[in-house]
Amino acid sequence: MIHSLFLVNSSGDIFLEKHWKSVVSRSVCDYFFEAQERASEPENVPPVIPTPHHYLISVLRHRIYFVAVIQSEVPPLFVIEFLHRVVDTFQDYFGVCTEAAIKDNVVVVYELLEEMLDNGFPLATESNILKELIKPPTILRTVVNTITGSTNVGEQLPTGQLSVVPWRRTGVKYTNNEAYFDVVEEIDAIIDKSGSTITAEIQGVIDACVKLTGMPDLTLSFMNPRLLDDVSFHPCVRFKRWEAERILSFIPPDGNFRLLSYHVSSQNLVAIPVYVKHNITFREGSSQGHFELTLGPKQTMGKGVEAVLVSSQLPRGVLNTNLNPTQGTYTFDPVTKLLSWDVGKINPQKLPSLKGSMSLQAGATKPDENPTINIQFKIQQSALSGLKVNRLDMYGEKYKPFKGIKYMTKAGKFQVRT
Amino acid sequence: MSASSAFNDEKGGSSNVGEPEYGHDPASGGIFSSDYKRHDDLKEMLDSNKDSLKLEAMKRIVAMIARGKNASDLFPAVVKNVACKNIEVKKLVYVYLVRYAEEQQDLALLSISTFQRGLKDPNQLIRASALRVLSSIRVTIIVPIMMLAIKEAASDMSPYVRKTAAHAIPKLYSLDPEQKDCLIEVIEKLLADKTTLVAGSVVMAFEEVCPERIDLIHKNYRKLCNLLIDVEEWGQVVIINMLTRYARTQFLNPNMNESLLEEGGGEKAFYGSDNDDDTDDEEDKEEKEKKKTEATAIVKRKPYVMDPDHRLLLRNTKPLLQSRNAAVVMAVAQLYFHLAPKAEVGVIAKALVRLMRSHSEVQYVVLQNVATMSIKRRGMFEPYLKSFYIRSTDPTQIKVLKLEVLTNLANETNISTILREFQTYIKSNDKDFVAATIQAIGRCATNIGEVRDTCLNGLVQLLSNRDELVVAESVVVIKKLLQMQPEQHSDIIKHMAKLTDNIQVPMARASILWLIGEYCEHVPKIAPDVLRKMAKTFTNEEDIVKLQIINLAAKLYLTNSKQTKLLTQYVLNLAKYDQNYDIRDRARFIRQLIVPTDKSGALSKYAKKLFLALKPAPVLESPFKDRDHFQLGSLSHLLNAKAGGYQVLPDWPEAAPDPSVRNVEIEEVITSSEGRIGLLGDRREVPEWTKCSSREKRKEKKADKPFYSDSEGESGPTESADSDTASGSESGGGSEESGSGSESEESNEESESASEEDEEEEGKKKKKNVEKIKARKPVPESESEQSSGEDEKKSEKKSKPRIGSTESESEENGDSESESSESEEEESEEESEEETKKKKKTTASKPPSKPPKKENKKEKKEMSLLDFDDFDPAPSPSQVTPLNNFLSSSLVTDLEGLSLTDNVLSPTTIVPSGNLKTYELLHRITGEGLSVEYCFSRQPFSPDPHMVAVKIQFINSATSEAKSLHMEDTKLQSGMRIKEFPEIEVLPAGETLSVVMGIDFCDSTQAANFQLCTHTRKFFVSIQPPVGELMMPIFMTENEFKKEQGQLMGMNEITEKLTLEEKCQGEHAVVQRVTAAANLSRVPCGSDKECRFAGKTVTSGSLVLVSVVTKEDGAAQLTVNCEKMVIGTMLVKDILQALTQ
């Protein structure tokens, strides 16, 4: 399926190649570079590029293109999903997935790729299995390895691959047994000029960090499972159980994983936690523009809105801005025309605002579009949809684990049109 | 000594001068002036006997490969390390080998034997990895070897190995397509596999090798459907795609009636382009005909009833919409789109919309597919309209696709909201996107009559936009819209005529000119003026504009020749000398047609009709229309072109093929090998229960284990496989130690086999081409080779000290001793050479019949005793062979009479007759009341001395009698033979009966598979021997033993240190346990610290010598000498286990 993989950095150098079948010359990437040149923005490179003999399927993550070479029919999503899995694995292993990190760990990267694909078909993609096969590099281990010449390759053969629970490594042992669950909801919204909501929806995930000895069998139940409209599960979740009882029953993988992602049914009206008052005007014939922005909390369930960050792509005609924030700091990049304002926490008594003028190119015509404002924020300790975990039980093991659940609401793609 | 220090020097030298490029690791690195020299350095590191240096070198080489640098000249140096003991070195060598083997075919062959040996390893993971690498080596010469290996692995006991075999199939196929037929056989066999592990991989192989053999799927269809949810994600994708195709050939179109109803409904009238039925052309026609025959047709049609198998597929794939893997969700979505009744397709919309939150590449692909689906089934996505609203941060390609979907979803009810959205988009900075939006507005306007005027007005407003591209795009779209109703819009045409002064975009100019020409009667005053202006700039225009100018001129000439005659002439003259031949052609053609001359042809009178005919308005179609003739989600669909290897999605059949082809005899499902009975059903429901059931089973097995290994000495692929899985999943039961225990066991075993490989590797190499080896071998070794002649004598002397030393490492000690030990190895290499030849013969063809060895009378006498013991139906598994059978032991000692043992009390020199481990062949429940057990009776099998006697005991616990019990359909590894037991005619209810059969296992632990038949049923069963049962005891004196042992040194000798378990520290206990583990006899020995045992393998008669030397505090050393190294390795493992537990 996947013939070869090329890693291309932002300046167009191939810095790693791996072939699973016979070698494909790296000149095949020229077609990719052509497409890259044609695309105005890096993310506009088409994910699938046909060439005379091959097809190139690429993903862009962390400013690295992962270009897979395909020779025959294969579902494109299959390849794309796999490439993203590769990136996730690198991130998992090296903390970051940058060119430098990959180059520093080229041998581990190669070993990983070797295990993940066999003849171009995915073999082991579960992080728990991979970690048994190849231990992730840590500073200590690197030092030890350099001195003793020992290896990163696991001494034992991973038996997880053979078991009924392929996602969990075997022989897990912890002195402190703990299971943490983060319920994180993101609100996606488009607010129109007048402040009315065009679309708003809540997407949530439950990320887990489970460090439990042995082979625990967990069940997690919700107070209000009806809220969950559409869900997708980690393979460990027993689907039938969910169907029948709306209970999440699973044997967790070891470590961090995403247990569940969900969509809150659209029948529920979505409370928009912040509002924006804006007044951005350009006058015809004048080289000055007026910019005014005020943020305020709306329906926040009594919790504070934190880590607010406002960003906006100003029209090309804007040369510079002269703005005064009442709190936080703002920056404007005259090259990319990106305005960003780090607001911090919204104080309901004293609403943060950003006021001032923009200077426009002399003689240029009035931009016909007002910028869109993107907002990021966080609300701790609450899930916007009101989703609540009822209880978490563990079976199959004797000890008593420490359990913790945290809620958080974040802005997803939250845009205000002006 | 000197050697290793020299390497150190070398390394020190290299690291003094660090070159950054190659020093990916700060500790490595080394600069050399030339490539040649640099590789020299690597070669030396590879030749060194320090693993750390080798590893260092391999890391640098892999870094080179990763960067695409050529490292092929290092091949000889690297390939030598293929059997290196260090796992990481080995893995990196594999990486290198697979990468360069194709270029260096001859040298690559040197490594093959290592993998071949790996294929026989008792550990399933090692077998799998050997097969994986072997099959990845793209060297055509080894095709037969690969074929053989795949065939063997396909019937391996371990599902993981079978999975690897499935993976290897496409590799071999791409290497040599001529093997197709053989491979299809293997695929067919693997398709019948019932484990989830194999299912995905074999279907993948099926798709790559023989996707056209859809008939192979019939029997496995239901099984695949049922397994699907437990298959790993990637396998699910492949299976679902394949099943979609399958279903299209086997079932009827579920939408037959509905689509007919709908067509009659007349909803279609509004959206001419939307074709709402799912049917192919043929059916379409058929249906149209039927439509003519009025609604009665509906009644006439047979009511559609869905095939239960069709339903099964839909039901079992549905949960997978909840997968986290986008590819799986997409696969299910396309399955539903292509196969589900219309009313049910809706369920996929939600999942697809969910994918839109994923990475932009995923969005891109999903949107493409949604775009196609939304044409056919608009209603499905309508509730999610808002999810396709565009954000300013989306990449352009996503925006354009979302726009496409929005356009497809537009209808009278939602068009106003959509148009309002479009209005926002038109103001975007992203001009490509704006252009696409304008196109979209145009399409909405053509599709929905009510908003046509609104759209047109909006577009006209855009004509005054500052951005030229926007204007140009609007012009083009307006042109298309105007064609629909030109009469009402002469003012718009006038407005556009004015634009010719400003607009430079050729397409837009051409469109305006065409409009003016086409509707010149509506704008009689302006048109000639436009032509005048155009004539002026003619030479500077783009080609398409020029063509339109000529067209305009021609049309005006025909309608208004008074004003435009001269202008037309002028334009035609200009065109006559244009550089572009199309334009010259056009000018010549038009001149002939319109300008009346004497010679003008007959056509000129029709000129007006030709030019001013009414042209039909263009239909603005989605580029995604009709894309669904490609299977959705496929690459071909995405590119809208057939990709290589694309399998066409077949049309629904007219009449359903026979559904009974999918019927499977039930017994086949039930008699799946041990313990899997429950899994099929349960696992799908709630994996938890499965686990419970399987856990229980494993518990049993686990409990068996200590006993089992004590009494028999276990091994063989199955057993290790099982224990592996047990340790994998069972730690859930809280048995931590057991898990780690078996792991360490594995690692032991692995290191052993590694060392063994190391040694035998050398032997094989030598056999193949001695010269090359000599050239490559480091100096000390070749020296020892020369001296190997005299070593025969030496070796005997040395044998004693060597037992104590860890000889596998001695090679690396680099001191004087190593020299000698190496020479010993050399010597034994030669032996092993013969040995391997012999082995090959035995495995390849029928084993040469050897003179029957003398039978052991003692054993015969014991027969009755054995039988007696065997009547104990199920010996409790935890029982640890206490050997309390006084009678038998005394018998043994009696018969042993002549033995020179100084310890006469040692009771069990031969057979621990007390407890022969029985194994279950057929469980009472599976066998419907008939339960069958077997044990290795340790008696010579009289009809054929090369066979292992297996005693089979039938217990009929059913209420009715079982008739004609016999064997059928034996499936054996090559070389293996079986002597069937005579048919049992009747076994009355409640009776028990024993028979003896013989199996020649060819000295391997491969299982013998056969069918056990009763008059009603057949059961697949298999017998697998522990390694200890593959031998029979022989009598030997101490001196003989020493002599033989001296000849079986080097790689035929395996030594392990161990700590004896408390209970087993006495000599007595040691003897007991060893003889329980393996069918060996005790050899008398002068020292009470040492116990010796001897035996020979049943088939080939290779000697097996075991000695256990005990020391203080329970420390001991176990030495096994055996010509057959695999047997030796496995035996060591078993005995070790017997002694330490």
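Named according to an unreviewed UniProt entry, chain B is AP-3 complex subunit beta originating from Salvelinus namaycush. Of chain B, the UniProt comment under Sequence similarities (unreviewed entry) reads exactly: "Belongs to the adaptor complexes large subunit family."

For chain A, the name recorded in an unreviewed UniProt entry is AP-3 complex subunit mu-2-like, with Salvelinus namaycush as its organism. Listed under Sequence similarities (unreviewed entry) in UniProt, the entry text for chain A is "Belongs to the adaptor complexes medium subunit family."

Check the secondary structure of chain A and you find seven helices and 23 strands. Relative to its 418 residues, chain A shows a buried fraction of 58%. Sequence-distant contacts, at least 24 apart, represent 68% of the contacts inside chain A between residues at least 6 apart. A total accessible area of about 16,800 Å² is found for chain A, and carbon and sulfur atoms account for 49% of it.

Turning next to the sheet that holds strand β10 (residues 217-222) of chain A. Strand pairs in the sheet, formed through backbone hydrogen bonds, run parallel or antiparallel to each other. All names here are of chain A. Taken in spatial order, the three strands line up as β12-β10-β22 in an open sheet, and their pairing is antiparallel. Where the open sheet ends on each side, the last strands, each with one partner, are β12 (247-250) and β22 (389-395). Strand-to-strand twist across the sheet, computed as the mean angle between neighbouring axes with direction ignored, equals 15°. Inspection of the sheet shows β10 paired to β22 by six bridges, in the antiparallel sense.

This part takes up the interface of chain A and chain B. Contact with chain A, which involves 109 residues of that partner, is made by 112 residues of chain B. Together chain A and chain B conceal approximately 9,700 Å² of surface at their shared face, both sides included; 57% is due to carbon and sulfur atoms. Taken together, the links from chain A to chain B amount to 11 salt bridges. Between Lys171(B) and Asp118(A) there is a salt bridge, with the nearest N and O atoms lying 2.8 Å from each other. Linking chain A with chain B are 38 residue pairs in polar contact (both at pLDDT 80 or more), by the criterion used here. Broken down by element, the residue count for the side of chain A that touches chain B peaks at eight residues, all from helix α2 (residues 76-94) of chain A. Residue composition of the side of chain A that touches chain B, by class: 45 nonpolar, 31 polar and 33 charged.

What counts, and where the lines are drawn
- Residues numbered from 1 in each chain as written.
- Chains lettered and ligands numbered in written order.
- Predicted model: local features only at pLDDT ≥ 70, side-chain atom pairs only at ≥ 80, totals over all residues.
- Heavy atoms only, no water.
- UniProt positions renumbered as here; feature names shortened; annotations may be inferred.
- Helix = DSSP H or I, 4+ residues; strand = E, 2+ residues; numbered from the N terminus.
- Buried < 20%, exposed > 50% of the residue type's maximum accessible area, 1.4 Å probe, protein only.
- Contact = heavy atoms within 4.5 Å.
- Areas by Shrake-Rupley, 256 points an atom, 1.4 Å probe, with all protein chains shown as cover.
- Pairing = 2+ DSSP bridges.
- Axes fitted to C-alpha atoms, helices over the stretch in contact; angles between N-to-C directions.
- Buried area = accessible area lost by both parts, 1.4 Å probe.
- Salt bridge = Lys/Arg side-chain N within 4 Å of Asp/Glu carboxyl O.
- Polar contact = N/O pair within 3.5 Å; in protein donor to acceptor, adjacent residues only side chain to side chain.
- Nonpolar A, V, L, I, M, F, W, Y, C, P; charged D, E, K, R; others polar.

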